[in-house]
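Here's the letter readout for the chains.
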Amino acid sequence: MTAPSTPRRPVTVRVFTQRFSATPRGARLARHLALDQMHTWGVPHGTDASDTAAVIVAELAANAVTHGRVPGRDFELRLSLVTGSVRVEVSDTRDGTRPPGPGAVPPAAPLDEHGRGLVLVEALAARWEVLDREPPGKTVRAEIDLPGRSALTGRADGR
C-alpha cells in the first residue's frame, strides 16, 4: 500500500545567474535576459520596476565590459527576487581600484561622454553597494523596490 500523495506547490526559481562575454554584445544580452526573467517573475515589461532594472543592468554591464574587462574572463549577472525587491548584482574579475560607492559618485561634467552610469544607478536604485569578490574582482549590487509584492509568492495579492 502506498501513502496518498500530497499536493505540492510548483518550485519557483527566485535566482537567475548567468555569465556573459565581456563584450558590448554580452552586455546587451544581459539586459535582455534580465528583463525576460523579471517578466517571468511577474514584473511585466514597461512597468517602472522593469524600466528601472533595464537601466541599472545596462549601466552595470557596460561598466563591467568597459572598466572591469579582463581578457578571457566573463562578467556575471545575478538577479534575486528578495522580500519586496529585485536585487541586481553584476560581477567582474578585474582587481585594482573599486568604483565609488553610494554617496561618493562624482557628477559628470556636462560635456563628458562618459561617467554617468553610477550616477544613474545611484538615482534609480533603492539601495546599492560595491563589494569585493572572491576570487579577484568586485560586485556592484543594486536593489529595486517592488511595492505591494510579496517575495514569498511573487504575486501582488500575496496568495
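The preceding data block contains the structure.
This text gives an overview of the structure that appears in the document. Being a predicted model, the structure only gives us computed values, none of them experimental.

1. Considering the pairing of strand S5 (residues 138–145)
Part 1 of the argument: Where burial is concerned, most of S5 is hidden: six out of the eight residues are buried.
Part 2 of the argument: The sheet contact formed by strand S3 (residues 85–92) and S5 spans eight bridges and is antiparallel. Looking across to S5, one finds that Glu89 is bridged to Arg141.
Part 3 of the argument: Taking the residues between adjacent antiparallel strands as the criterion, strand S4 (residues 127–132) and S5 are bridged by five residues, where Gly137 takes a positive phi near 125 degrees.

2. Regarding the packing of helix H2 (residues 48–66) against helix H3 (residues 117–124)
Helix packing for two helices is described by the angle between their axes and how far apart those axes are.
Part 1 of the argument: Close contact between H2 and H3 brings their axes to 9 Å; oriented N to C, the two are set at 150 degrees. Relative to H3, H2 is oriented roughly antiparallel. For the pair H2 and H3, the sense of crossing is left-handed. Contact with H2, carried on its side by Thr52, Val55, Ile56, Glu59, Leu60 and Asn63, involves Gly117, Leu118, Leu120, Val121 and Leu124 of H3 and no other residues of that element.
Part 2 of the argument: In terms of residue class, the contact of H2 with H3 is made up of seven nonpolar, three polar and one charged.

3. Topic: the pairing of S4
Part 1 of the argument: Relative to S5, S4 is paired through six bridges, and the arrangement is antiparallel. Looking across to S5, one finds that Val130 is bridged to Val140.

4. So, helix H1 (residues 24–40)
Part 1 of the argument: Taking 1.5 Å per residue, 17 residues should reach 24 Å; H1 reaches 25 Å between its end C-alpha atoms and fits that length.
Part 2 of the argument: For H1, the set of buried residues is Gly26, Ala27, Ala30, Ala34, Leu35, Gln37 and Met38.
Part 3 of the argument: Those residues of H1 hidden inside the fold are in contact with strand S1 (15–20), H2, strand S2 (75–82) and S3.
Part 4 of the argument: Looking at the residues trailing H1, positive phi occurs at Gly42, about 95 degrees.

5. A short note on the sheet that holds S4
Adjacent strands of a sheet pair through backbone hydrogen bonds, lying either parallel or antiparallel.
Part 1 of the argument: Taken in spatial order, the five strands make up an open sheet running S1-S2-S3-S5-S4, and their pairing is antiparallel. Both outer strands of the open sheet, S1 and S4, are each paired with one neighbouring strand and no more. When strand polarity is set aside, the average angle formed by the axes of neighbouring strands in this sheet is 15 degrees.
Part 2 of the argument: Looking at chain direction, S1 and S2 are connected through six bridges and run antiparallel. Opposite Arg19, over in S2, you have Glu76 as the bridge partner.
Part 3 of the argument: Across the sheet, H1 is in contact with S1, S2 and S3; its angle to S2 comes to roughly 15 degrees.

6. What to know about the pattern of salt bridges
Part 1 of the argument: Counted according to the given criterion, the structure contains nine salt bridges.
Part 2 of the argument: For the salt bridge of Arg141 with Glu89, the shortest nitrogen-to-oxygen distance reads 2.9 Å. With Arg141 in strand S5 and Glu89 in strand S3, the pair connects residues that are 52 residues apart, well separated along the chain.
Part 3 of the argument: A relative accessible area of 10% places Glu89 in the buried class.
Part 4 of the argument: Salt bridges sharing common partners tie together Arg78, Glu89, Glu129 and Arg141.

Here is what the cut-offs are and how they apply
- Residues numbered from 1 in each chain as written.
- Predicted model: local features only at pLDDT ≥ 70, side-chain atom pairs only at ≥ 80, totals over all residues.
- Heavy atoms only, no water.
- Buried < 20%, exposed > 50% of the residue type's maximum accessible area, 1.4 Å probe, protein only.
- Helix = DSSP H or I, 4+ residues; strand = E, 2+ residues; numbered from the N terminus.
- Pairing = 2+ DSSP bridges.
- Axes fitted to C-alpha atoms, helices over the stretch in contact; angles between N-to-C directions.
- Parallel < 35°, antiparallel > 145°, perpendicular 65-115°, else oblique.
- Left-handed = near helix turned anticlockwise from the far one by under 90°.
- Contact = heavy atoms within 4.5 Å.
- Nonpolar A, V, L, I, M, F, W, Y, C, P; charged D, E, K, R; others polar.
- Expected span 1.5 Å × (residues − 1).
- Salt bridge = Lys/Arg side-chain N within 4 Å of Asp/Glu carboxyl O.

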